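Each chain, letter by letter, is given below.
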Amino acid sequence: MASYPAGYKYTKDHEWVELSGDRGKVGITDYAQQQLGDVVYVELPEVGAKLRQGQSFGTIESVKAVSELYAPVSGEVVDVNTALKDKPEAVNADPHGSWMIAVRLTNAGESDALLDASQYQDLVK
Amino acid sequence: MEQATEAPLKKTPLNARHRASGAKMVPFGGWDMPVEYSGIVAEHVAVRTRAGLFDVSHMGQIEIAGNDALAAVQRISSNDASKLAVGQAQYSGLLTEQGTFIDDLLVYRLAPAHFLLVVNASHIPKDYAWIAEQIKPAGDAVAVDASSRYALLALQGPAALDVLQPLTGVELAGMKYYWFANGEVASVRATISRTGYTGEDGFEIFVPPQSADRVWQAILESGKAADVIPAGLGARDTLRLEAAMRLHGNDIDETTTALEADLSWIVGWKKDDFIGAAALREQKANGVTRKIAGFEVLDRGIARQGYDAYVGDAKVGVVTSGTQTPFLKKAIGMAYLPAEHTAAGTEFDVDIRGRRTRARVVPMPFYKRPK
């Protein structure tokens with residue numbers, strides 16, 4: 001059974017966000033990587049991109065399929081984990097450590113509506 | 001997600017084994033099949049470097065027998081079955097009058113007047129109905145859908161021979177590619193065929209359904225030291241694509257001819273007549289206007305089935321198979337392109353979800369096993 005970090009917030013689309021002040025790091029959940037299978041390609045936005053909550057910010061591809069990545073919170077992209085470009089398989093090996101983008105939040109209140117770890121665990125069990 | 005009401009999925013004799021082993025199961029052609037066990041990449045690499053074991057019992061078996069069985073097979077199958085000795089098999093097409101693919105298949109000559117056709121799972125009823133009707137003019141021959149009598153396992157990879165040999169009295173080293181023999185595997189009556197859908201050396205093993213699990217277990221046990229692992233349909237697809245083997249429903253179908261699919265070698269041009277012959281001869285004389293081509297993606301991105309191909313602003317074709325290959329570690333695929341754009345080295349664009357991405361035609365197969 002996968003453990004979902006208690007400090008993260010989760011979406012029903014299987015992204016997580018780790019909030020710290022007005023910043024949030026975003027990745028996909030262990031459940032999501034299991035469903036995808038071997039990840040072979042991650043396409044991420046440029047620094048400076050402005051995202052609305054629920055908007056697609058990139059794509060992730062496994063051998064079999066393409067999936068959209070959705071922003072769990074609104075904000076401006078301030079950092080991109082470019083290491084995933086050459087090592088996309090890190091998402092399989094360490095999904096909760098493999099952040100994809102960091103955003104500066106533009107609407108701090110909207111993260112309240114996200115799931116906490118136990119709610120997310122119930123969703124995917 | 002909404003799901004249309006459909007017939008329950010069919011199960012192979014190994015279904016319980018797959019589920020107990022923790023395989024990820026998916027619906028495929030009406031069957032509940034394992035798409036992966038340990039992961040597509042790990043399974044793919046295992047087949048290229050050691051061996052993998054596949055359950056392909058969903059494939060269909062249609063037997064044709066009778067005094068005129070050869071004439072019957074010659075009529076419905078594009079390749080020339082008169083070239084087959086007893087104990088030999090060939091790849092072929094089940095074609096329409098237009099020379100397009102109802103299905104592709106393997107033809108095994110079991111006896112001088114007894115053939116076994118192995119067809120794709122999702123087309124068994126359609127193929128059988130077509131064959132039963134179309135062989136009538138050939139004379140004394142009957143077709144039987146024998147699919148429920150066979151389970152089919154595929155042991156593929158460079159270690160396949162050494163893993164299988166201890167389980168059978170059949171001398172495997174002497175068996176040539178695309179030949180088969182009857183014998184036993186793990187004390188179970190079996191037909192062993194040196195064929196496969198991975199581009200690797202290996203064997204396909206026909207066994208009675210009630211004994212499939214025993215043979216499956218015996219092969220994995222024998223392969224333990226060589227780290228042979230069970231593999232699913234996901235790796236089967238990436239392996240066959242690296243080997244440039246066509247997949248019916250992707251690369252060939254009822255809209256593409258054997259010539260457009262660059263499969264002239266499975267057309268028995270010297271045969272008197274067969275279904276599709278007239279159309280193919282005419283197309284051969286006039287030349288094809290479009291043809292399948294293998295390609296590599298040059299920019300970052302993966303070109304997948306259904307993505308459009310462009311030369312300049314003109315949409316010129318479509319990708320029929322494409323993936324990031326686990327072994328070659330690049331994005332490859334097959335596409336139908338105008339014939340003048342299919343020479344190796346020709347560049348074109350693929351529309352990857354709204355972004356034009358450069359690709360280059362390369363010779364097929366993408367992967368060829370070391371001899």
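Residues numbered from 1 in each chain as written. Chains lettered and ligands numbered in written order. Predicted model: local features only at pLDDT ≥ 70, side-chain atom pairs only at ≥ 80, totals over all residues.

## Looking at the overall build of chain A
Thought 1: Helix and strand counts for chain A stand at 4 helices and 9 strands.
Thought 2: Of the regular secondary structure in chain A, the N- to C-terminal order runs β-β-β-α-β-β-β-β-β-α-α-β-α.
Thought 3: For 125 residues, the compact-globule formula gives about 14 Å, and the C-alpha radius of gyration of chain A, at 13 Å, lands near that figure.
Thought 4: The C-alpha extent of chain A, read off along each of the three principal axes, is 35 × 35 × 20 Å.
Thought 5: The burial tally for chain A puts 39% of its 125 residues in the buried class.
Thought 6: Pairs at least 24 residues apart make up 63% of the contacts formed inside chain A by residues separated by at least 6 positions. (Helix = DSSP H or I, 4+ residues; strand = E, 2+ residues; numbered from the N terminus. Rg over C-alpha atoms; globule rule 2.2 N^0.38 Å. Buried ≥ 20, exposed ≤ 12 C-beta atoms within 10 Å, placed from the backbone. Contact = placed C-beta atoms within 7 Å.)

## Points about the nonpolar core
Thought 1: If you look at the biggest cluster of nonpolar residues, it comprises 130 residues, and the most contacted ones within it are I64, V107, L153, L155 and I205 of chain B.
Thought 2: If we skip the residues at most four places from it in the chain, I205 of chain B touches L153, L155, V185, A190, I192 and V215 of chain B. (Core = buried A, V, L, I, M, F, W, Y, C linked by C-beta atoms within 7 Å.)

## A look at the environment of G196 of chain B
Residue and element names in this part refer to chain B.
Thought 1: As for its placement among the helices and strands, G196 is situated in the loop between β11 (188-193) and β12 (202-207).
Thought 2: Given 25 C-beta atoms within a 10 Å radius, G196 is considered buried.
Thought 3: For the pair G196 and G157, spaced 39 residues apart in sequence, the C-alpha to C-alpha distance is 9.7 Å.
Thought 4: Aside from chain neighbours lying at most four places away, what touches G196 is A154, Q156, G202 and E204.

## Some thoughts on the sheet that holds strand β6 (residues 56-62) of chain A
Residue and element names in this part refer to chain A.
Thought 1: An order of β4-β6-β7 is seen for the 3 strands of this open sheet, with the pairing classed as antiparallel. Each edge of the open sheet is held by one strand with a lone partner, namely β4 (39-43) and β7 (66-70). When strand polarity is set aside, the average angle formed by the axes of neighbouring strands in this sheet is 25°.
Thought 2: With 5 bridges connecting them, β6 and β7 associate as antiparallel partners. Its bridge partner being in β7, S56 is matched across the sheet by Y70. (Pairing = 2+ DSSP bridges. Axes fitted to C-alpha atoms, helices over the stretch in contact; angles between N-to-C directions.)

## Quick notes on the packing of helix α2 (residues 40-49) of chain B against helix α7 (residues 233-242) of chain B
Residue and element names in this part refer to chain B.
Thought 1: Their axes nearest at 8 Å, the elements α2 and α7 cross at an angle of 55°. The angle between α2 and α7 places the two elements in the oblique class. α7 is crossed by α2, and the crossing has right-handed handedness. Between α2, through I40, E43, H44 and V47, and α7, the contact on the second element is made entirely by G234, A235, T238 and L239.
Thought 2: Among the residues making up the contact of α2 with α7, the classes are represented as 4 nonpolar, 3 polar and 1 charged. (Parallel < 35°, antiparallel > 145°, perpendicular 65-115°, else oblique. Left-handed = near helix turned anticlockwise from the far one by under 90°. Nonpolar A, V, L, I, M, F, W, Y, C, P; charged D, E, K, R; others polar.)

## Concerning the confidence of the model for chain A
Thought 1: Per-residue confidence for chain A averages 94 on the pLDDT scale, and 98% of its residues sit at or above 70.
Thought 2: No element of chain A has a lower mean pLDDT than helix α2 (residues 83-86) of chain A, at 93, and none a higher one than strand β8 (residues 75-80) of chain A, at 98. (pLDDT = per-residue confidence, 0-100.)

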